[in-house]
Amino acid sequence: MKIDKTFLRSKVARRIFLLFISCALLPITVLAVLSFGHVTRQLKKQSQERLEQAAKAMSMNLFERLLFLETGMEMVAANLDSTSLASLQASTVKISDRLKERFEGLAVLMGSGKAVPLINFVPAPPPVTEAQAEHLREGRTLVDAEVRSNRTGVIYMRRLLDKMNPAKGLLIGQVSDYYLWRAGEENPLPPMTELLVLDHSGGILFSTMSGPTSFPRNEVAKMSETHAGEFEWRHGEKEYVGRYLSLYMEKEFHIPKWLVVLCESKAHVLAPMARFKHIFPLVVLLALWVVLLLSISQIRRNLIPLERLQEGTKRIAVRDFNSRVTVSSGDEFQELAESFNTMATRLGKQFNALTTMNEIDRSILSALDTRRIVDTILNRMRELFPCHCVALALFDAESSDAGLMHIQYGESEGENWLVPVRLDSEDVQRLDDNPEQLLLHIPQGFPEYLSPLMELDVELLLALPMFVSEKLSGLLVLGYSDDAGLNEEDTVQARQLADQVAVAISNARLIEELDELNWGTLYALARAIDAKSNWTAGHSERVTELALKIGQVLGLEQKTLDDLHRGGLLHDIGKIGIPPEILDKAGKLTDEEYTLMREHVRIGARILEPIEAYAGIVPVVLHHHEYYDGTGYPDGLKGEEIDLGARIFTVADHYDALISDRPYRAGLPREKVIGFIKEDSGNKYDPKVVEAFLEVMAQEDTELQNQPERAAESTGS
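From a predicted model like this one, the values you see are computed outputs, not experimental measurements. (Residues numbered from 1 in each chain as written. Predicted model: local features only at pLDDT ≥ 70, side-chain atom pairs only at ≥ 80, totals over all residues. Heavy atoms only, no water.)

This next bit is on the overall build of the chain. Check the secondary structure of the chain and you find 21 helices and 16 strands. The buried share among the 717 residues of the chain stands at 43%. For the chain, the accessible surface area stands at approximately 38,800 Å², while carbon and sulfur atoms represent 54% of it. (Helix = DSSP H or I, 4+ residues; strand = E, 2+ residues; numbered from the N terminus. Buried < 20%, exposed > 50% of the residue type's maximum accessible area, 1.4 Å probe, protein only. Areas by Shrake-Rupley, 256 points an atom, 1.4 Å probe, with all protein chains shown as cover.)

This is how it looks when you write it as structure tokens:
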């Protein structure tokens, strides 16, 4: 089965996948480890219990056999008492077959030192210590052992024939190792169990284990300190678990202690776990496969909605607020998708509102005239708010109770109109008391100054007063056809926009006042210049008016026309530096006077040069006496080298100078002056400027012809 891995490209998918795997495998693994440990401990515990029972049984068995052997020796000793020791021979002593099986050898050691064998030959036993001799004299049986290297020690039993007369002799027997260690099929060792019997010093008396056997000394030391216990040790390549039990026979046989040790191979003890070790990996693999299939199914089911939501967020990030996410999973993802779509709708509306507000803000704050601000508000407010009509009232700067209201209620500019409004003291006080907003329901409490709006199909008005320096300067009104169209969010945005409009209107009024002051100053200065001579009174204003008409015919931009306007008013400012007697001289000027007269253009340029705002009009002042053919002054420029404004003023200035009276001549007829200018087109004057000049003259002629007709119509009406 081929698994599609593409879903793992998602970080969320990888996390969920790892979570599934971890939640499935970790509990299984932990449970397996805990179970394995618990079962292992139980198996070891059961093994120890078996070994403990076997050790007890083996200890009792050994002790009983030694007692049986002691009884047999007592019976032999009793028979020897009835037999003459002087003529003692093996053939004269009756010994049972059972006793022959239990002793490898049995002999009588006479007081003379002669040994008389009763059952086979008995090797010389270890010498008797004083303590052992005392034990024998008490009439008890002495058992001692000789440790050998063949895993089976030699066990000797000794007993006096007569404790009252030790000189009679000593009965010595070598115990059969088969009888002592291996006989007794009625109580066999548990399967796969090894038996070791150690003396008190750790020497091995008997062992069922194959190969050389040497018991660890540290384990022997521990065993010597306790009666019983468990241990683990290694013999050869195998590990064993074992149990030991101390067999005390000090009183009976003068043996300090024997250690009966039974051990079992770990592999045998834990054999039931071997199958578990083989099965567990298969169970883990099966669980992993099942979890893998389930996790892939669930991840794909959950990731499809997530991917759609992710794509939706990416589209919103690129301002595609019309994107919608479709999820029909019937769970929280579907609810999340519905919430996402609602959010996208609101975000789109808010973004459009913010964009529109930003554009309106930029437009009104960058506008320098009130009319442009009003047009922007009236034309764009309904893009932002679902209102039926918009009204903007601007009150006079001197008073706050009179002004003009601009109303827009349709889609075209033709449906806008302007009406005068006046507020009474009660209206002004009501607006002062509600500086944030005023909700008005028609016709309840409808003020008179908003009566023009009653003609429109509105039921609710949101009035937003605009204050500048705590003085009422305007009123922004939004009209709604019902209450459902107005919400709190729109109200807050409208209030913010009204504040921006108030600032923009205030700025525009300041700019307009400054502009009026600037133009008034320029006109006053121009009249002051012209007043220096009776012959030039009004000259600057007339020349400026004609130059502006020519510029308009040429299609100049407003900024260029404004520079032309300022330049025209100040084009003769340099005449301030010319003596009045030269300006008003009736006769022809001398060469020296003419040279001085020509300096007025440079004087004017130097006067205006420090004013950075007038840098655009300096060329008009300096070069308005330059001729197109290069014969003018002061620099003898020609053609396109001469500023366009200066070329226009050359024509306008000469026209007004020729048509006006001068001290040295009377003014020339208009037609004759037009002819002079026409003749010098291409010489003194720019042909394009002359062409525009002639068009202006033609327009004036047309207006002069139409004036009688309009007057007659006015009289007749």
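Still to come is the rest of the account.
This next bit is on the sheet that holds strand β5 (residues 169-175). As a general point, the strands of a sheet are linked pairwise by backbone hydrogen bonds and lie either parallel or antiparallel. Here we have five strands laid out as an open sheet, ordered β2-β1-β5-β4-β3, and antiparallel in their pairing. With partners counted over all chains shown, the strands left at the sheet margins are β2 (115-119) and β3 (142-146), one partner each. The sheet shows a mean angle of 25° between the axes of neighbouring strands, direction not considered. (Pairing = 2+ DSSP bridges. Axes fitted to C-alpha atoms, helices over the stretch in contact; angles between N-to-C directions.)

Bringing the packing of aromatic side chains into the picture now. Scanning all chains against the criterion turns up six aromatic pairs. Aromatic side chains W181 and F206 sit 5.3 Å apart centroid to centroid with 10° between the ring planes, which places their arrangement in the stacked category. Linking W181 in helix α4 (residues 177-182) with F206 in strand β7 (residues 204-207), this pair joins segments that are 25 residues apart in sequence. A single burial state applies to W181 and to F206, both of which are buried. Seen from their ring centres, F231 and Y244 are 6.3 Å apart, and the 40° between their planes marks the pair as tilted. In this pair, F231 is assigned in strand β8 (residues 228-235) and Y244 in strand β9 (residues 238-249), connecting sequence segments 13 residues apart. Pair check on accessibility: F231 and Y244 agree, each one buried. (Phe/Tyr/Trp six-rings, centres within 6.5 Å; stacked < 30°, edge-to-face > 60°.)

What follows is about the pattern of salt bridges. Applying the stated rule across the entire model yields 26 salt bridges. By sharing partners, the salt bridges in this structure join E545, K549, R670, E671, E700 and D701 into a single network. (Salt bridge = Lys/Arg side-chain N within 4 Å of Asp/Glu carboxyl O.)

As a further point, take the environment of L285. Following the sequence through the fold, L285 ends up in helix α8 (residues 271-317). Here L285 falls in the exposed class, since its relative accessible area comes to 54%.

The next point concerns helix α5 (residues 217-225). Within α5 the residues assigned to the buried category are E219, V220 and M223. Along the axis of α5, the buried positions cluster into a sector of 100°, meaning they face one direction only. Along α5, the residues that are exposed and aim more than 90 degrees away from the buried face are R217 and E225. Contact partners of the buried residues in α5: β6 (193-198), β8, β9 and β10 (255-265). (Arc of directions from axis to C-beta. Contact = heavy atoms within 4.5 Å.)

It is worth spelling out unusual backbone geometry at this point. Omega for the peptide link from Y633 to P634 comes to 15°, which places this bond in the cis form. Here P634 lies in the loop between α18 (618-623) and α19 (644-659). Residue M192 is not a glycine yet carries a positive backbone phi of 60°. Among the secondary structure elements, M192 is positioned in the loop between α4 and β6.

All right, on to the packing of helix α14 (residues 558-569) against α19 then. At a closest axis distance of 11 Å, the pairing of α14 and α19 adopts a crossing angle of 50°. Classified by the angle their axes make, α14 and α19 are oblique. Considering how the two elements wind past one another, α14 and α19 form a crossing that is right-handed. Residues L564, G567 and G568 of α14 lie in contact with α19, whose contacting residues are G645, I648 and F649. Split by residue class, the contact of α14 with α19 holds three nonpolar, three polar and no charged. (Parallel < 35°, antiparallel > 145°, perpendicular 65-115°, else oblique. Left-handed = near helix turned anticlockwise from the far one by under 90°. Nonpolar A, V, L, I, M, F, W, Y, C, P; charged D, E, K, R; others polar.)

Okay, the confidence of the model for the chain next. In low-pLDDT regions, the fine details of the predicted coordinates are not to be read closely. Looking at the chain, pLDDT values average 79 and 87% of them are 70 or higher. Here helix α9 (residues 332-366) is the element of the chain with the lowest mean pLDDT, 74, and strand β4 (residues 154-160) is the one with the highest, 91. (pLDDT = per-residue confidence, 0-100.)

Looking at the element boundaries, R647 is found in helix α19. The class for R647 is buried, based on a relative accessible area of 7%. Leave out the neighbours within four places in its chain, and R647 touches Y628, G639, E640, I642, D686 and V689.

The next subject is the sheet that holds β9. The strand order β7-β6-β10-β9-β8 describes an open sheet built from five strands, whose pairing is antiparallel. Only two strands of the sheet have a single partner each, and these edge strands are β7 and β8. When the angles between neighbouring strand axes are averaged without regard to direction, this sheet yields 25°. As paired elements, β8 and β9 share eight bridges and run antiparallel to each other. Looking across to β9, one finds that W233 is bridged to Y240. Against the sheet, α5 touches β6, β8, β9 and β10, its axis set at about 120° to β10.

Of all 10 residues in strand β16 (residues 471-480), nine are buried; the element is thus mostly enclosed. Strand direction decides the pairing type here: strand β15 (residues 460-468) and β16, joined by nine bridges, are antiparallel. Looking at β16, one finds that L460 is bridged to Y480. Counted along the chain from β15 to the antiparallel partner β16, the turn is two residues long, and its residue S469 has a positive phi close to 55°.

What follows covers the nonpolar core. Counting 42 residues, the largest nonpolar core has L171, W181 and W258 as the members making the most contacts within it. Top element by residues in this core is helix α1 (residues 11-81). It accounts for 12 residues. Not counting residues up to four positions away in its chain, the partners in contact with W181 are M58, L62, R65, T152, I155, V197, L205, F206 and W258. With 27 residues, the next largest nonpolar core counts F385, A494, L497 and A498 among its residues. (Core = buried A, V, L, I, M, F, W, Y, C linked by side-chain atoms within 4.5 Å.)

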